[in-house]
Amino acid sequence: MPRGQKSKLRSRAKRQQARDETQGLRGAQVTAEEEGSPPSSPAAGSSQVSQRAPPTSSPGTGDSCESSEGGAQNADTGAQERKPGNSQAAAAGSAQSSRRDPLTRKASLLVQYLLEKYNTKEPITQADMLKVINKKYKEYFPEILRRTSERMELVFGLEMKEVNTSSHSYVLISKLGPSTEGTLSGTRGLPKTGLLMTLLGVIFMKGNRATEAEIWEFLNVLGIYAGRRHLIFGEPRKLITKDLVQEKYLEYRQVPDSDPPIFEFLWGPRAHAETSKMKVLEVLAKINDTNPSSFPSLYEEALRDEEARAVEKSFTQGYKQLCMQ
Amino acid sequence: MQGSTKRMGIMTDVHRRFLQLLMTHGVLEEWDVKRLQKHCYKVHDSSATVEKLEDFINNINSVLESLYIEIKKGVTEDDGRPIYALVNLATTSISKMATDFAENELDLFRKALELIIDSETGFASSTNILNLVDQLKGKKMRKKEAEHVLQKFVQSKWLIEKEGEFTLHGRAILEMEQYIRETYPDAVKVCNICHGLLIQGQSCETCGIRMHLPCVAKYFQSSPEPRCPHCNDYWPHEIPEVFNPEKEREAGVSKSSKKSLRSRQH
């Protein structure tokens, strides 16, 4: 290594520290000024601070620890006392702040974990979440979850929806509506969604489960064949048996007791969370240039599904209110 | 409840959609980020003027600060393209990958990472990585499986593959620089110009200092006779061009053909 490397690193770290200190102050100022009476002001994550390495880490964060520490102190009075940010003091301050508001700290940890899960689109179980925040916080879990969902909604516009009440698993869905970012050079976007909606429609029409043969019959009519790469959808078999299954939009399983084995498709938990039978029926009706009531039995089923959702929604809201008290 | 709404006052649906889409992509080039920003304005607030990207991102980062997350800007090591990713500030491990990969897959990544950092060129050959398959933690992995896992890393933009050799994707450097510096403090290489972590770059044959390709491009931009900033000896390598987003779009040069022009130079 060239001589002077270490001293260069040290001086660079010092320069960055000085730079970030002013930035951190500015950043902290924004959050502090906008803060009213915060029960959930961000406390310094002392466990995180201690894990972070010395100088090269972002002291800006250290500064926000300092100022928000003041916030946590005065949470009851609602007044905001801002201490001047100082990254050296942050290390000392973090030890103190670990006694303050550990629940918010845990909520931040959980937010990071959920963001990572959002990308894999897998459902998140309560058990997994408890592991992240440490099982000894189990009794505080409802409160931590409440603070986490609040941040997820406010900052990212993501809502946590329970998809399986017995195993307490959730998915994150966007409150902002479908993202039609077909303008980007990415491979995601609308075409898959359109196909998905019609697939869900076929499954619904066939009594909530469609055999693989029935699905392919439908797709072949659209000019989509297994093994034949489609311009928009790519390889269709992989799309419907792997990609959409991994994203929990579809379920693909063997028909029970089928010999030779036959496979069938059902709606996946994410489809149930993000759309409804009524919405899918509306799409079906549109394609056939008619309205939902033209399919009487499907329409009836969709209506019952809407009722059940309304009941569930009011129940969840009531439960949330209970938790907040 | 009211208070926290006030604190997040500057977050509107424009910012939220931006964050969601940025997260979905993992890492984005600056051009795509600008389009993304415009798209979000169009959807949620079409009458407003699109804020300057730097300010837009700084505003979001001030809100993310309390969550120990930030939108970080970096530069690709091979051709100097600006890239953006949402990174955790308080991690000291490769935790972002932890939700996507199994224990033995993560260990494979760590082994590849170590080989890349120890290498002279910043590249580790597929053969050398696969030879370490027996040393992995967790479930036993065969070489065939490991090849497949390496391809997964390339697809999720943690590694780049070039002619059978692997190096770190810009995304990995953005997300893991801190972790890498802490874990391999002696082996880590650093750029003489920007002092950032260096995986790929050029080095002076006399005194051994190293520079990122984009840093070389900027530093020697108007020098007819490039000389090493440290020992003043002639700089023996080809000086790359400074990345110019306007030029590239006009020329319509595809990324892959541009990459093949650049060779690793050490």
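Residues numbered from 1 in each chain as written. Chains lettered and ligands numbered in written order. Predicted model: local features only at pLDDT ≥ 70, side-chain atom pairs only at ≥ 80, totals over all residues. Heavy atoms only, no water.

**Q** Tell me what's going on with the overall build of chain A, and back it up with residues and numbers.
**A** Within chain A, the regular secondary structure consists of 13 helices and six strands. Within the span of chain A, comprising 325 residues, buried residues form 45% of the whole. Long-range contacts, defined as pairs at least 24 residues apart, comprise 57% of the intrachain contacts of chain A with a sequence gap of at least 6. In the structure as shown, chain A presents an accessible area of about 17400 Å², 52% of it carried by carbon and sulfur atoms. (Helix = DSSP H or I, 4+ residues; strand = E, 2+ residues; numbered from the N terminus. Buried < 20%, exposed > 50% of the residue type's maximum accessible area, 1.4 Å probe, protein only. Contact = heavy atoms within 4.5 Å. Areas by Shrake-Rupley, 256 points an atom, 1.4 Å probe, with all protein chains shown as cover.)

**Q** How would you summarise the overall build of chain B if you had to cite specific residues and measurements?
**A** Per the secondary structure count, chain B includes 12 helices and 10 strands. Across the 266 residues that make up chain B, the buried fraction comes to 56%. Sequence-distant contacts in chain B: of pairs separated by 6 or more residues, those separated by 24 or more amount to 53%. When the accessible surface of chain B is split by element, carbon and sulfur atoms take 48% of a total near 12200 Å².

**Q** So what's going on with the environment of Val63(B)? Residues and values would help.
**A** Residues and elements named next belong to chain B. Mapped onto the elements of the fold, Val-63 is located in helix α4 (residues 53-64). What makes Val-63 buried here is its relative accessible area of 4%. Separated by 53 residues in the primary sequence, Val-63 and Ile-10 have C-alpha atoms spaced 8.1 Å apart.

**Q** Could you give an account of the packing of aromatic side chains, naming the residues involved and the relevant values?
**A** According to the stated counting rule, one finds nine aromatic pairs over all chains in the structure shown. Each ring, one from Phe18(B) and one from Phe56(B), has its centre 5.0 Å from the other, and the planes form 90°; the classification is edge-to-face. Placement of Phe18(B) in helix α2 (residues 13-25) and of Phe56(B) in helix α4 is noted, with a sequence separation of 38 residues between them. When the centroid spacing of 5.2 Å and the interplanar angle of 70° are considered together, the rings of Phe109(B) and Phe153(B) count as edge-to-face. Linking Phe109(B) in helix α6 (residues 103-118) with Phe153(B) in helix α8 (residues 143-155), this pair joins segments that are 44 residues apart in sequence. Accessibility assignment for this pair places Phe109(B) and Phe153(B) in one class, buried. Taking the ring centre of Tyr225(A) as reference, the NZ or CZ of Arg228(A) above it sits at 4.5 Å. Positioned above the aromatic ring of Tyr234(B) is the side chain of Arg227(B), whose terminal nitrogen or guanidinium carbon lies 4.1 Å from the ring centre. (Phe/Tyr/Trp six-rings, centres within 6.5 Å; stacked < 30°, edge-to-face > 60°. Lys NZ or Arg CZ within 6 Å of the ring centre and 35° of its normal.)

**Q** How would you summarise the sheet that holds strand β4 (residues 210-211) of chain A if you had to cite specific residues and measurements?
**A** All names here are of chain A. The three strands lie next to each other as β4-β6-β5, forming an open sheet whose pairing is antiparallel. Two strands bound the open sheet, and with one partner strand each, they are β4 and β5 (250-254). Here β4 pairs with strand β6 (residues 263-267) via two bridges, running antiparallel. Bridging from a neighbouring strand, Thr-211 pairs with Glu-264 of β6. (Pairing = 2+ DSSP bridges.)

**Q** Can you tell me about the sheet that holds strand β5 (residues 159-162) of chain B, naming the residues and giving the values?
**A** All names here are of chain B. Here we have three strands laid out as an open sheet, ordered β4-β6-β5, and antiparallel in their pairing. Edge positions in the open sheet fall to β4 (124-125) and β5, since each of these has one partner strand only. Inspection of the sheet shows β4 paired to strand β6 (residues 165-168) by two bridges, in the antiparallel sense. Note that in β6 the partner of Ser-125 across the bridge is Glu-165. Of the strands in this sheet, β4, β5 and β6 are in contact with α6, which crosses β6 at around 90°. (Axes fitted to C-alpha atoms, helices over the stretch in contact; angles between N-to-C directions.)

**Q** Go over the environment of Thr104(A), please, and point to the residues and values.
**A** Residues and elements named next belong to chain A. Here Thr-104 is to be found in helix α5 (residues 102-120). Judged by relative accessible area, Thr-104 falls into the buried class, the value being 1%. Separated by 39 residues in the primary sequence, Thr-104 and Glu-143 place their C-alpha atoms 9.3 Å from one another.

**Q** Describe the pattern of salt bridges, with residues and values.
**A** Under the defined criterion, the tally for this structure stands at 26 salt bridges over all chains. When the shortest N-O distance is used, the salt bridge between Lys144(B) and Glu147(B) registers 4.0 Å. You can see Lys144(B) and its partner Glu147(B) sitting in helix α8, three residues apart, about one turn around the helix. Residue Glu147(B) is classed as partly exposed on the basis of its relative accessible area, which comes to 36%. Overlapping salt bridges, with partners in common, bring together Asp101(A), Glu143(A), Arg146(A), Arg147(A) and Glu150(A) in one network. (Salt bridge = Lys/Arg side-chain N within 4 Å of Asp/Glu carboxyl O.)

**Q** With reference to specific residues and values, describe helix α9 (residues 212-221) of chain A.
**A** All names here are of chain A. By the burial criterion, the buried members of α9 are Glu-212, Ile-215, Trp-216 and Leu-219. Down the axis of α9, the sector holding all buried residues measures 95°, keeping them to one side. Residues of α9 that are exposed and point more than 90 degrees away from the buried face comprise Ala-213, Glu-217 and Val-221. Gly-223 sits one or two residues past α9 and shows a positive phi near 85°. (Arc of directions from axis to C-beta.)

**Q** Give me the lowdown on the confidence of the model for chain A, citing residues and values where you can.
**A** Residue and element names in this part refer to chain A. Taken as a whole, chain A shows an average pLDDT of 69; of its residues, 62% reach a score of 70 or greater. Ranking the helices and strands of chain A by mean pLDDT puts β4 first, with 94, and helix α3 (residues 59-73) last, with 35. Residue range residues 20-99 is modelled with pLDDT below 50. Its contacts to residues more than four positions away, or to other chains, number 141 contacts. Across residues 180-191 the pLDDT falls below 50, and counting only partners more than four positions away or on other chains, this stretch makes 18 contacts in the model. (pLDDT = per-residue confidence, 0-100.)

**Q** Summarise the pairing of strand β3 (residues 169-174) of chain A; cite the residues concerned and give the values.
**A** All names here are of chain A. When you tally the buried positions in β3, you get five out of six residues, the bulk of the element. Two elements, strand β1 (residues 124-125) and β3, share two bridges in a ladder whose sense is antiparallel. Following the sheet pairing, Thr-125 is matched in β3 by Ser-169. Of the strand pairs in this sheet, strand β2 (residues 158-164) and β3 are connected by six bridges, and their pairing is antiparallel. Bridge pairing in β3 links Lys-161 to Val-171. Where β2 folds back onto β3 in an antiparallel hairpin, the turn is made up of four residues, including His-168, whose phi is positive at roughly 50°.

**Q** Tell me about empty space enclosed by the protein, and name the residues and values.
**A** All names here are of chain A. Tallied over the entire structure, the rule returns six cavities of 30 Å³ or more. One number sums up the size of the second largest cavity: a volume of about 110 Å³. By residue number, the principal contributor to the lining of the second largest cavity is α5, which donates four residues. (1 Å grid on protein atoms, 1.4 Å probe; cavity = no way out; pocket = protein on both sides within 12 Å on 5 of 7 lines; lining within 4 Å. Points joined across faces, edges and corners; volume = space filled by probe spheres on them.)

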